[in-house]
Amino acid sequence: MSSLLVSVEVLAAHIGDPSWRVFDCRHDLQNTAYGAQAYTKGHIPGALFLSVDDDLSGPKTGKTGRHPLPDPEVFAARMSACGVGPDTQVVAYDNEGNVFASRLWWMLRHWLGHEKVAVLDGGLAGWKRASLPLTAEVPAFPPACFEPHLRADVQTDAARVLACLGAPEILMFDARSEERFSGEQETIDPVGGHIPGAINRFYFDNLDDAGCFFKPAAELREEFDALLAGRPPANVIQQCGSGVTACHNILAMELAGLPGSSLYVGSWSEWCSDPSRPVATGPG
């Protein structure tokens with residue numbers, strides 16, 4: 001098993017394994033009730049539901065973007081209540097190309113130092129393609145003791161992004177669609193456009209033609225190497241609309257053997273909340 005991805009076959013073999021925890025991270029940015037409703041109708045056996053808004057994010061302030069990180073102790077308590085301990089193998093999935101599952105993966109692996117976490121390659125769609133069962137049963141697990149090992153160095157804030165504008169050695173990837181990046185069709189945030197100097201790397205480009213499984217590592221490496229143009233991955237700032245889909249690019253780069261980029265958690269939704277910050281439009 002890859003330390004980053006797990007196949008549906010491997011997960012199926014571990015259903016009921018007490019040392020594994022599976023999390024359903026389905027979400028819809030424009031219909032926030034979707035994930036919980038979909039989970040209730042049917043999910044992978046043994047999976048627990050985590051809300052992107054309520055579990056994988058903290059309270060909004062109007063200045064910190066749509067999905068600020070939660071209090072680490074609060075999130076650690078949630079993991080403990082779900083039975084996640086230091087030796088628990090966590091697997092995350094969703095039904096949207098694993099963009100939301102990648103947020104949980106990043107939070108656990110990078111932000112809080114829990115190495116044993118992977119994303120289900122193919123997500124729920126891959127599970128269904130394999131004709132594997134779903135259930136409506138909500139499991140219960142004994143609590144464990146999740147100990148967070150907070151790492152501040154994996155994040156970038158608005159002040160550093162502002163300071164890096166125009167620096168040729170720094171590269172910013174924006175994981176949003178081309179229409180939102182250009183500002184031509186902003187459907188979520190009040191201002192259209194992107195951070196000046198950012199490059200559009202739509203998260204969907206990390207997936208195969210069906211938008212289900214991640215591309216092979218060698219193919220991802222070739223694509224990201226072309227964008228990096230000799231820059232080290234540590235010089236990359238990843239962002240998107242609110243610090244969620246950018247995690248998909250972080251995961252894809254690590255699959256390609258290019259770890260080290262940082263996440264601007266506030267992303268565009270935080271950036272555009274301050275009218276004094278510069279905005280660019282067009283293809284970039």
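Just above sits the structure.
Residues numbered from 1 in each chain as written. Predicted model: local features only at pLDDT ≥ 70, side-chain atom pairs only at ≥ 80, totals over all residues. Heavy atoms only, no water.

Visitor: Summarise the side chain of R66; cite the residues concerned and give the values.
Guide: Its place among the elements puts R66 in the loop between β3 (47–49) and α3 (72–81). A polar contact of 2.7 Å, which involves the side chain of R66, links it to the side chain of D189. At 3.5 Å, the side chain of R66 forms a polar contact with the side chain of S242. For R66, the residues in contact, after removing those within four places along its chain, are L29, K60, R180, I188, D189, G241, S242 and S269. (Helix = DSSP H or I, 4+ residues; strand = E, 2+ residues; numbered from the N terminus. Polar contact = N/O pair within 3.5 Å; in protein donor to acceptor, adjacent residues only side chain to side chain. Contact = heavy atoms within 4.5 Å.)

Visitor: An account of the sheet that holds strand β4 (residues 89–93) is needed here, citing residue identities and associated values.
Guide: Across the sheet, which stays open at both edges, the five strands sit in the order β1-β5-β4-β2-β3 with parallel pairing between neighbours. In this open sheet, the two edge strands, each paired with only one partner strand, are β1 (5–6) and β3. Pairing geometry for strand β2 (residues 20–24) and β3, over three bridges, is parallel. By the bridge assignment for β3, F23 is matched with L48. Its contacts with the sheet put helix α2 (residues 34–41) on β2 and β3, and the angle it makes with β3 is roughly 150°. With respect to the sheet, helix α4 (residues 99–111) is in contact with β2, β4 and β5 (117–120), its orientation differing from that of β5 by roughly 170°. (Pairing = 2+ DSSP bridges. Axes fitted to C-alpha atoms, helices over the stretch in contact; angles between N-to-C directions.)

Visitor: Describe the packing of α4 against helix α9 (residues 246–255), with residues and values.
Guide: Their axes nearest at 8 Å, the elements α4 and α9 cross at an angle of 70°. Here α4 lies roughly perpendicular to α9, going by the angle between them. The element α4 and its partner α9 pack so that their crossing is left-handed. Here V99, S102, R103, W105, W106, R109 and H110 of α4 come into contact with α9, specifically with C247, H248, I250, L251 and E254. Looking at the contact of α4 with α9 residue by residue, the classes come out as six nonpolar, three polar and three charged. (Parallel < 35°, antiparallel > 145°, perpendicular 65-115°, else oblique. Left-handed = near helix turned anticlockwise from the far one by under 90°. Nonpolar A, V, L, I, M, F, W, Y, C, P; charged D, E, K, R; others polar.)

Visitor: How would you summarise the environment of H67 if you had to cite specific residues and measurements?
Guide: Assignment of secondary structure puts H67 in the loop between β3 and α3. Sequence-distant contacts of H67, that is, excluding residues within four places in its chain, are made with H27, L29, V52, D53, S57, R103, S242, V244 and V265. Engagement of the side chain of H67 in a polar contact is seen with the side chain of S242, the distance being 2.7 Å.

Visitor: Summarise α4; cite the residues concerned and give the values.
Guide: With 13 residues, α4 extends 17 Å from end C-alpha to end C-alpha; this agrees with the ideal 18 Å at 1.5 Å per step. Most of α4 sits out of view: 13 of its 13 residues are buried. After α4 finishes, the residue G113 shows a positive phi value of roughly 75°. (Expected span 1.5 Å × (residues − 1). Buried < 20%, exposed > 50% of the residue type's maximum accessible area, 1.4 Å probe, protein only.)

Visitor: Residues and numbers for the nonpolar core, please.
Guide: Ranked by internal contacts, the top residues of the largest apolar core, which has 53 residues, are F23, L104 and W106. Secondary-structure elements contributing two or more residues to this core are α3, β4, α4, β5, β7 (171–174), α8 (217–228) and α9. Among the elements that take part in this core, α4 stands out by supplying nine residues, more than any other. Setting aside anything within four residues of it in sequence, one finds W106 in contact with L69, W111, V154, Q155, C247, I250, L263 and V265. Listed in part, the 14 residues of the second largest apolar core include C164, A167, A198 and W268. (Core = buried A, V, L, I, M, F, W, Y, C linked by side-chain atoms within 4.5 Å.)

Fair warning: the whole summary comes from geometry, so function is off the table for now.
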